Amino acid sequence: MNGTVYPTRGRVRFEGTDLAQLERYELRALRALTGYVPQDHALVPTLRVSQNVVTGKLGQRGFWAALRSILWTGSEDLERAHALLERVGIPEKLFQRTDQLSGGQQQRVAIARALFQEPRALLADEPVASVDPTRARDLLGLLLEIAAERGLTLVVSLHDLALARELFPRTAGLRAGVLHFDRPTDEIGEDEFTELYRLEDNGVDG
Amino acid sequence: MAERHGRMRPPSPLGRRGATLLTIVAAAALAWWALDLSLAQLVPGAGGAQIASEFFAGALRPALTYQGDWIPPGSPPFLVTVLVALGKTLVFAAAAMSLALVFGLPLGVLASDAWWRRRPRWTRTLQVAVRTGIALQRSVHELLWAVIFLAALGLNTFAAVVAIALPYAGTLAKVFSEMLDEAPRNTAEALRSVGARPLEAFLYGLLPRAVPDLAAYAFYRFECSVRSSAVLGFFGYPTLGYHLALSFTNLHYREVWTYLYALIATSVVLEAWSAALRRRLVA
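As the structure is a prediction and not an experimental result, all values here were calculated from the model.

What counts as what
- Residues numbered from 1 in each chain as written.
- Chains lettered and ligands numbered in written order.
- Predicted model: local features only at pLDDT ≥ 70, side-chain atom pairs only at ≥ 80, totals over all residues.
- Helix = DSSP H or I, 4+ residues; strand = E, 2+ residues; numbered from the N terminus.
- Buried ≥ 20, exposed ≤ 12 C-beta atoms within 10 Å, placed from the backbone.
- Contact = placed C-beta atoms within 7 Å.
- Expected span 1.5 Å × (residues − 1).
- Axes fitted to C-alpha atoms, helices over the stretch in contact; angles between N-to-C directions.
- Parallel < 35°, antiparallel > 145°, perpendicular 65-115°, else oblique.
- Left-handed = near helix turned anticlockwise from the far one by under 90°.
- Nonpolar A, V, L, I, M, F, W, Y, C, P; charged D, E, K, R; others polar.
- Core = buried A, V, L, I, M, F, W, Y, C linked by C-beta atoms within 7 Å.
- pLDDT = per-residue confidence, 0-100.

*Asks:* Can you explain the overall build of chain A? Please cite residues and give values.
*Replies:* Per the secondary structure count, chain A includes 8 helices and 8 strands. Residue burial in chain A is summarised as follows: out of 206 residues, 33% are buried. Considering only contacts in chain A between residues 6 or more positions apart, those separated by 24 or more positions represent 66%.

See below:
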């Protein structure tokens, strides 16, 4: 949905522009507006948390500014990073080495990195795939709160349909790459969910 | 199944693995036969046994002062000579290694698939050129490079450093490129997907994921370069090898052992240091 993989059929549009029609630099600019929280966090374990967070801005800075921000992070960046870590609940980890954090904490760092970007939309790929059910609810709650606070579009992919039904206003059901439904969650019947689950399950919610 | 095919049998013992094993054994036998090796050659004659026993007796009593009756006037105490030789060995190694790193890292990046992955196809010819270059550097041993430079430049300090740095840069580049290709790519891809340029994704996403491995390997190569630098002394450079050869020709075996112990102790210290560094980097 951020132009990493192109659709074989149909179109992906972001605020009205078709991603497949964009020049490379235009796509880059657009990606810079789309925050992304990968399933595996994709942080650099040997860097400090603060350094990982400032890489969120890479797409929006010139080469030298980016280099400087990572090697000698300025106080403005540090304050913003600290505020974001506070928002996700781990402000004390700012200068820790990232690999000293637990999996759940690392996920929060990945969220802070995406927010550092000041995106207009936030994509989270299976954020709760490797988290226990209570934590899953907390984490999705946090993402939803943040999205509401900042007016972000939040797109989350989930395998757990119960969570999707409980927390998200709109659900799109995908099976083997084919869209089965895309409607407000309340309007989707029980049978449609079971049908989706029958063979291979995969849900996308927004 | 078993009934249809008669008795069940395991696959032929002489499958591919068996053939490989047999080939290795045959090659070894051929080599021994070609060299006419026999264990009798390992039994020294009377004179040889005498020298050997003297030499190994020295192991128990390494020299603390010069052996021999005549010591050139103005010579520093023996242990100072050992320490100076050791220091020079380390200095040659450090100089060579710094040069090897400066060239090895960029060459390693240019030889890696990770660097060229998202670039136009024709640029791969550059990668092939770099890979050929580093293969050539590596295929000549540092002692042979030293012989070549010695012939061309005489007993020149810089020549010794370059002789070590050349093949070492090649080896570093080769291994670095493999490490870069094996480093996890997810960070680089995540950075690209939020708008980072390919160079930035490489620098901040891929390279740091490989750094612990790169650093640990570079340190290991530094250990190797200390041994290489010691051996270059046989050509007359003032490293441990020079003193080793001198003491050996003078039959001062106890001095030889002192130099050997100095080299071994240095290797052990460096080894422990690099193990600690690896633990810190990878933990």
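And the narrative resumes.
*Asks:* Account for helix α4 (residues 75-88) of chain A, with residues named and values stated.
*Replies:* Residue and element names in this part refer to chain A. The end-to-end C-alpha separation of α4 is 20 Å, in line with the 20 Å expected for 14 residues at 1.5 Å each. Contacts from the buried residues of α4 go to α2 (49-54), α5 (103-116) and α6 (133-150). Of the residues trailing α4, Gly89 is marked for its positive phi of about 95°.

*Asks:* Could you give an account of the packing of helix α3 (residues 78-111) of chain B against helix α5 (residues 124-139) of chain B, with specific residues and numbers?
*Replies:* Residue and element names in this part refer to chain B. In contact at an axis separation of 8 Å, α3 and α5 are set at 135° when each is read in the N-to-C sense. Between α3 and α5, the angle falls in the class oblique. You can see that α3 and α5 cross each other, and the crossing is left-handed. Contacts between α3 and α5 pair Leu107, Leu110 and Ala111 from the former with Gln127, Val130, Arg131 and Ile134 from the latter. Broken down by class, the residue content of the contact of α3 with α5 amounts to 5 nonpolar, 1 polar and 1 charged.

*Asks:* Which residues make up the nonpolar core, and what values do they have?
*Replies:* Of all hydrophobic cores here, the largest spans 99 residues; its most connected members are A:Ala112, B:Ala96, B:Ala160, B:Ala163 and B:Ala165. Of the residues forming this core, the biggest block, 15 residues, is contributed by helix α7 (residues 157-182) of chain B. Look past the residues within four positions of B:Ala165 in its chain and what remains in contact with it is B:Ala96, B:Leu99 and B:Ala100.

*Asks:* Quick rundown of helix α2 (residues 46-60) of chain B? Include the residues and the values.
*Replies:* Between its first and last C-alpha, α2(B) extends 22 Å over 15 residues, near the 21 Å set by a 1.5 Å rise per residue. Little of α2(B) is tucked away, with 1 of its 15 residues classed as buried.

*Asks:* Describe the confidence of the model for chain B, listing the residues and the values that go with them.
*Replies:* Across chain B, pLDDT averages 89, with 95% of residues at or above 70. Reported confidence for the predicted complex is 0.80 by ipTM and 0.81 by pTM.

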